[in-house]
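# Coordinate analysis (summary)
Chain residues, written in single-letter form:
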Amino acid sequence: MAPGVTAPAVRARKGSGEPLVMVTAYDAPGARIADSAGVDLILVGDSLAMVVLGYGDTLSVTVADMEHHTAAVARAQPRPMVITDMPWLSYHLNAEDAVRNAARLIRAGAQAVKLEGGRKRLPMIEAILDAEIPVMGHIGLTPQSLHMMGGFKVQGKERDAVEALVADGRALADAGCFALVLEGVPDTVAAMITDAVPIPTIGIGAGPSCDGQVLVFHDLLGLEDRVMPKFVRRYASLKADAVAALAAFASDVRGHRFPNSEESYHLSGEVARQLSAPPEPVIGLYGRA
Ligand code: KIV
């Protein structure tokens, strides 16, 4: 396999001034699109639950779901580094459980795992790193904490919360995380964390000062058009394009315009002639047809 982007290479981008680009993908076509677009990192995010599997939050997605979609992404053999989200409850019980679940995602084809939470998750992060699995941290608005946060709410708005986020970021970097997602925090807070840690920060709803940016595939391509958070920039309207295309197909079928002759298979002239010739008369027992 051609050498792609690696955890040490991502880590080394800190301070380079060249922003990291991460996008989510959940299947082989998505991975091929991300690869062709030249992104650095593909995240098999647990946003899978909401944008692909139809759940209202990320809590229902399982390790088996994440394995299945990681394997689909990995089969595309993309050059960007593949990082998979550890789903809720796959790293909360104890370190051993966390390592086993992280290993399942690595065996499915991920090169690193991402998990949500700050200092509280250090024992699990340290155990996963100890098993030689690179870890990306994720702090700020952590969607798996939806019920504890009282909704998908911007975090780090008060002084104590800001100080806690900076301390979390430092602790994750000290533990050995190679990069850190900052989600749903004020731009100034993201800038403070970015300045405070020696690893790249990758922002989503965290302003322009991070070392990189990530968006969800379906949001940025306009495949998901039901909600559009303030931080999303839509670069295409693929849902509208897809609806128009399917409606045109339906109209052509109903109007007998699809398929046409070029879109159909044809018998050779000889066989067609044989089949269209009148049948030979059958001679019966007494010479009568
Ligand atoms: O699951 C996901 O897509 C994520 C990104 C929003 C960072 O965690």
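### Some words on the side chain of Asp 46
One can find Asp 46 in the loop between β2 (41–44) and α3 (48–51). It turns out Asp 46 is buried and unbridged, and the closest side chain with the opposite charge, Lys 114, is 5.4 Å from it. A distance of 2.6 Å separates a polar atom in the side chain of Asp 46 from a polar atom in the side chain of Gln 144. For Asp 46, the contacting residues outside a window of four places in its chain are Thr 58, Val 61, Met 66, Asp 85, Glu 116 and Gln 144.

### A closer look at the environment of Ile 106
One can find Ile 106 in helix α5 (residues 95–108). Sequence-wise, Ile 106 and Ile 133 are 27 residues apart; in three dimensions their C-alpha atoms are separated by 7.9 Å. In contact with Ile 106, other than residues within four places in its own chain, are Gln 111, Ala 112 and Ile 133.

### A look at helix α11 (residues 238–254)
A rise of 1.5 Å per residue sets the reference length of α11, with its 17 residues, at 24 Å; its end C-alpha atoms lie 24 Å apart and thus fit the reference within 8%. With its phi angle positive at about 60°, His 256 sits one or two positions after the end of α11.

### Section: the nonpolar core
By size, the foremost hydrophobic cluster in this structure holds 55 residues, and its most contacted members are Met 86, Val 113, Ile 128, Leu 182 and Ile 193. Filtering out sequence-adjacent residues up to four positions away, Met 86 remains in contact with Tyr 91, Ala 98, Asn 101, Ala 102, Leu 105, Val 113, Lys 114, Leu 115, Ile 128 and Gln 144. Formed by 17 residues, the second largest nonpolar core is a distinct cluster that contains Val 10, Leu 43, Met 81 and Met 136.

### With respect to the domain arrangement of the chain
When cut into domains, the chain gives domain 1 (7–220) and domain 2 (243–288). For domain 1 versus domain 2, the separation of C-alpha centres amounts to 55 Å.

### Some points on the packing of helix α4 (residues 63–75) against α5
Orientation of α4 relative to α5, taken along the N-to-C sense of each, is 25°, at an axis distance of 8 Å. Considered as vectors, α4 and α5 are oriented roughly parallel to each other. Of the two elements, α4 crosses α5, and the hand of that crossing is right-handed. For the pair formed by α4 and α5, the contact residues are Val 63, Ala 64, Met 66, Glu 67, Thr 70, Ala 71 and Ala 74 on the first element and Asn 101, Arg 104, Leu 105 and Ala 108 on the second. Residue composition of the contact of α4 with α5, grouped by class: 7 nonpolar, 2 polar and 2 charged.

How each quantity is defined
- Residues numbered from 1 in each chain as written.
- Predicted model: local features only at pLDDT ≥ 70, side-chain atom pairs only at ≥ 80, totals over all residues.
- Heavy atoms only, no water.
- Helix = DSSP H or I, 4+ residues; strand = E, 2+ residues; numbered from the N terminus.
- Buried < 20%, exposed > 50% of the residue type's maximum accessible area, 1.4 Å probe, protein only.
- Lys, Arg positive; Asp, Glu negative; His and termini not counted.
- Salt bridge = Lys/Arg side-chain N within 4 Å of Asp/Glu carboxyl O.
- Polar contact = N/O pair within 3.5 Å; in protein donor to acceptor, adjacent residues only side chain to side chain.
- Contact = heavy atoms within 4.5 Å.
- Expected span 1.5 Å × (residues − 1).
- Core = buried A, V, L, I, M, F, W, Y, C linked by side-chain atoms within 4.5 Å.
- Domains from an automatic or database assignment.
- Axes fitted to C-alpha atoms, helices over the stretch in contact; angles between N-to-C directions.
- Parallel < 35°, antiparallel > 145°, perpendicular 65-115°, else oblique.
- Left-handed = near helix turned anticlockwise from the far one by under 90°.
- Nonpolar A, V, L, I, M, F, W, Y, C, P; charged D, E, K, R; others polar.

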